[in-house]
Amino acid sequence: VNPKNGAIKTYIGGLNFSKSNFDRVRQSFPQAGSSFKPFIYTSAFANGYNASDKINDAPIVFEDSNLESIWRPENYTGKFYGPIRLREALVQSVNLVSIKLLREMGISDTQAFLTRFGFEKSRLAPDLSLALGSSSFSPAEMVRAYSVIANNGFITDMHFIDSIQDRFGNYIFNHDDYLKQDIFKEI
């Protein structure tokens, strides 16, 4: 996707449409996993944190009456790094720092901020697992969200067709004009 205007540059929904017409770009909804962490960090930076701030990457235990047992989140490596700068924690995809950031910012406030990337609040995990990417989004939704980062905070409408012209060069359809029209005016 061109992040500046939302034009889809390449789209591969599967290996062979005649064998399976399941569109993996829009119809599959895998858990986002660690690819979601940059959005947690973006929320933190928007709320006054700096890339040079440190958070202690140390073991933590959560007790929740909704869980059958206590939750002891770990890093992928199984190691703890102690006080670590946010920029390094993001690069290393440190789970505990993401969880602690989300806890400090508040789940509800972070969810509200994440809607700026096109995520629906109702589909964002309502607990700290959100920091680990436990919510499920299609690859198209993730591409749109990342394009907001690449486009300096502006969200675009992903689209296949920029414009259609007749044989005389007259525009029959122009995506930019389509976005400007008031579709409710005609109803």
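All of these numbers come straight from a predicted model, not from anything done at the bench.

A. Representation of the overall build of the chain within the structure. When helices and strands are tallied, the chain shows six helices and four strands. Listing each helix as α and each strand as β along the chain from the N terminus yields α-β-β-α-α-α-α-β-β-α. Its C-alpha atoms give the chain a radius of gyration of 20 Å, more than 25% over the compact-globule value 16 Å for 187 residues. Taken over the C-alpha atoms alone, the chain extends approximately 70 × 45 × 35 Å along its principal axes. In the chain, buried positions account for 35% of the 187 residues. Distance between charge centroids for the chain: 6 Å, based on 20 positive and 20 negative side chains.

B. Seen up close, the pairing of strand β4 (residues 171–174). Strand direction decides the pairing type here: strand β3 (residues 163–165) and β4, joined by three bridges, are antiparallel. Residue pairing in the sheet places S163 in a bridge with N174 of β4. Adjacent in sequence and paired antiparallel, β3 and β4 are bridged by five residues, among which G169 carries a positive phi angle near 90 degrees.

C. Examining the environment of F168 more closely. Positionally, F168 belongs in the loop between β3 and β4. For the pair formed by F168 and L96, sequence separation is 72 residues and the distance between their alpha carbons is 61 Å.

D. View of the environment of S138. Relative to the elements of secondary structure, S138 occurs in the loop between α4 (107–114) and α5 (139–150). Judged by relative accessible area, which is 2%, S138 ranks as buried. Along the chain, S138 and V25 lie 113 residues apart, while their C-alpha atoms are 6.2 Å from each other.

E. Highlighting the packing of helix α1 (residues 37–46) against α4. In contact at an axis separation of 10 Å, α1 and α4 are set at 100 degrees when each is read in the N-to-C sense. The angle between α1 and α4 places the two elements in the roughly perpendicular class. Here α1 contributes F39, I40, T42, S43 and A46 to the contact with α4, which in turn contributes T110, F113 and L114.

F. Expanded view of unusual backbone geometry. Even without being glycine, S93 reaches a positive phi, approximately 55 degrees. Unusually for a residue other than glycine, N152 sits at a positive phi of about 55 degrees. When you line up the elements, N152 lands in the loop between α5 and β3. A relative accessible area of 64% places N152 in the exposed class.

G. Representation of the packing of aromatic side chains. Scanning the model with the defined rule gives 11 aromatic pairs in all. Ring centres of F36 and F119 lie 5.2 Å apart, and the angle between their planes is 55 degrees; on these two criteria the pair is classed as tilted. Of this pair, F36 sits in the segment before α1 while F119 sits in the loop between α4 and α5, placing them 83 residues apart in sequence. Each member of the pair, F36 as well as F119, is classed as buried.

Parameters and conventions
- Residues numbered from 1 in each chain as written.
- Predicted model: local features only at pLDDT ≥ 70, side-chain atom pairs only at ≥ 80, totals over all residues.
- Heavy atoms only, no water.
- Helix = DSSP H or I, 4+ residues; strand = E, 2+ residues; numbered from the N terminus.
- Rg over C-alpha atoms; globule rule 2.2 N^0.38 Å.
- Buried < 20%, exposed > 50% of the residue type's maximum accessible area, 1.4 Å probe, protein only.
- Lys, Arg positive; Asp, Glu negative; His and termini not counted.
- Charge placed at Lys NZ, Arg CZ, Asp CG, Glu CD.
- Pairing = 2+ DSSP bridges.
- Axes fitted to C-alpha atoms, helices over the stretch in contact; angles between N-to-C directions.
- Parallel < 35°, antiparallel > 145°, perpendicular 65-115°, else oblique.
- Contact = heavy atoms within 4.5 Å.
- Phe/Tyr/Trp six-rings, centres within 6.5 Å; stacked < 30°, edge-to-face > 60°.

All we've got here are geometric facts, nothing functional implied.
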